[in-house]
Amino acid sequence: MRFAFDTEQLEFRDAARNLLEKECPASVVRAAWSNDTGRGPGLWDRLVEMGLFELDEVDSILVLEETGRACVPEPVLEAWALGRADATLAIYSHPYALYADSVELVVAQRGTELVRASLGERRESVDGSRRLFAVSPTDEVLDLDVGVVAERATLAAAAQLVGLAQQMLEMSVAYVGQREQFGKPVGSFQAVKHHLADAALRLVFARPCVHRAAWVLANDPAGAEVAVSLAKAQASEAALLSARKALQVHGAIGYTVEYDLHMWMKRAWALAAAWGDAAWHRHRVKNTVLKGSTNA
């Protein structure tokens, strides 16, 4: 298996990063917390134009990371999992769907099927830009495989968590390089270096797991459960650790609503718990491996 991405894939990632730096700066994310839709004006159309929702797992995984890095306030992972840009999704027995009031199709799970769902009341989220709505399944069955959609959504969540972790780490490095104590940047202190090194190391281990899961889902679906669960568990833990270390090195300012870091932390907390948390996915890996050894 070759993990390296080709030139075209890397250029697509760079193009996505450039787009998001222009169209989705922190000010857009912040505005999404209080505007009428929770989304960035015009941003969705630009993402659709890029063709993100038409790509396979390997070609899109780096761009999905970038959407996490930018903390994009859009139903990216749900739409990408479904392969259509006008939809959102609620599965894994989770009754809430993101941005269900601003899409054409809301998909929910009913038993082993995916069906159209009707919109219910809005619910609060720790991340103010995540507009959650209760949904109710209808009898209209959709021609979608619940297993495939679930794995794709989980993979996208893992990719976004890697991007979130990367951004929080970069924000922390920049901050400790500027803030001074005793006439020196706090980033020069060994304890601060250790905090950030721990977060960076966890991220180094998580990222290739996510890339491998994308390859497996695209090329060997039979092995997707273990690969995707491992990726989600590792990415969730990396993002949560990056959030914790970022808050520690920033001090109290990191949690204030006036400071941008809190938006990335809260997105990481929400995504780490969504689509199965780390404990749930480690349990699934264990059960799948044990079942395989028993059958052997």
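The structure we're discussing is the one just above.
The following paragraphs examine the structure supplied in this document. These figures come from a predicted structure and were not determined experimentally. (Residues numbered from 1 in each chain as written. Predicted model: local features only at pLDDT ≥ 70, side-chain atom pairs only at ≥ 80, totals over all residues. Heavy atoms only, no water.)

1. Section: the side chain of T154
Link 1 in the chain: For T154, the location among the structural elements is in helix α6 (residues 146-178).
Link 2 in the chain: A polar contact of 2.8 Å, which involves the side chain of T154, links it to the backbone oxygen of A150. (Helix = DSSP H or I, 4+ residues; strand = E, 2+ residues; numbered from the N terminus. Polar contact = N/O pair within 3.5 Å; in protein donor to acceptor, adjacent residues only side chain to side chain.)

2. Description of the layout of surface pockets
Link 1 in the chain: The space that makes up the largest pocket amounts to roughly 280 Å³.
Link 2 in the chain: Contributing to the lining of the largest pocket are 18 residues, with H94, R130, L132, A274 and W275 lying nearest its centre.
Link 3 in the chain: Those elements that provide at least two residues to the lining of the largest pocket are β1 (87-90), β2 (96-98) and α9 (261-273).
Link 4 in the chain: Among the elements that make up the lining of the largest pocket, the one with the highest residue count is β2 (three residues).
Link 5 in the chain: A per-class count over the lining of the largest pocket returns 13 nonpolar, three polar and two charged. (1 Å grid on protein atoms, 1.4 Å probe; cavity = no way out; pocket = protein on both sides within 12 Å on 5 of 7 lines; lining within 4 Å. Points joined across faces, edges and corners; volume = space filled by probe spheres on them. Nonpolar A, V, L, I, M, F, W, Y, C, P; charged D, E, K, R; others polar.)

3. With respect to empty space enclosed by the protein
Link 1 in the chain: Overall, the coordinates contain two cavities of 30 Å³ or more when judged by the stated rule.
Link 2 in the chain: Of the voids in this model, the largest cavity is the one considered here, and its volume is about 80 Å³.
Link 3 in the chain: Elements with a contribution of two residues or more to the lining of the largest cavity: α5 (76-82) and α9.
Link 4 in the chain: Per-element accounting of the lining of the largest cavity gives the leading share, three residues, to α5.
Link 5 in the chain: Each residue belonging to the lining of the largest cavity can be placed in one class, and the counts come to seven nonpolar, one polar and four charged.
Link 6 in the chain: Roughly 30 Å³ of volume is contained in the second largest cavity.

4. Quick notes on the packing of aromatic side chains
Link 1 in the chain: With the rule as written, the count across this model stands at two aromatic pairs.
Link 2 in the chain: Taking 4.9 Å as the distance between ring centres and 35° as the angle between the ring planes, the aromatic pair formed by W44 and F53 counts as tilted.
Link 3 in the chain: Consider the rings of Y175 and Y259, whose centres lie 6.3 Å apart with planes at 75°: the pair is edge-to-face. One end of the pair, Y175, is in helix α6; the other, Y259, is in the loop between α8 (224-250) and α9, with 84 residues separating them in the sequence. (Phe/Tyr/Trp six-rings, centres within 6.5 Å; stacked < 30°, edge-to-face > 60°.)

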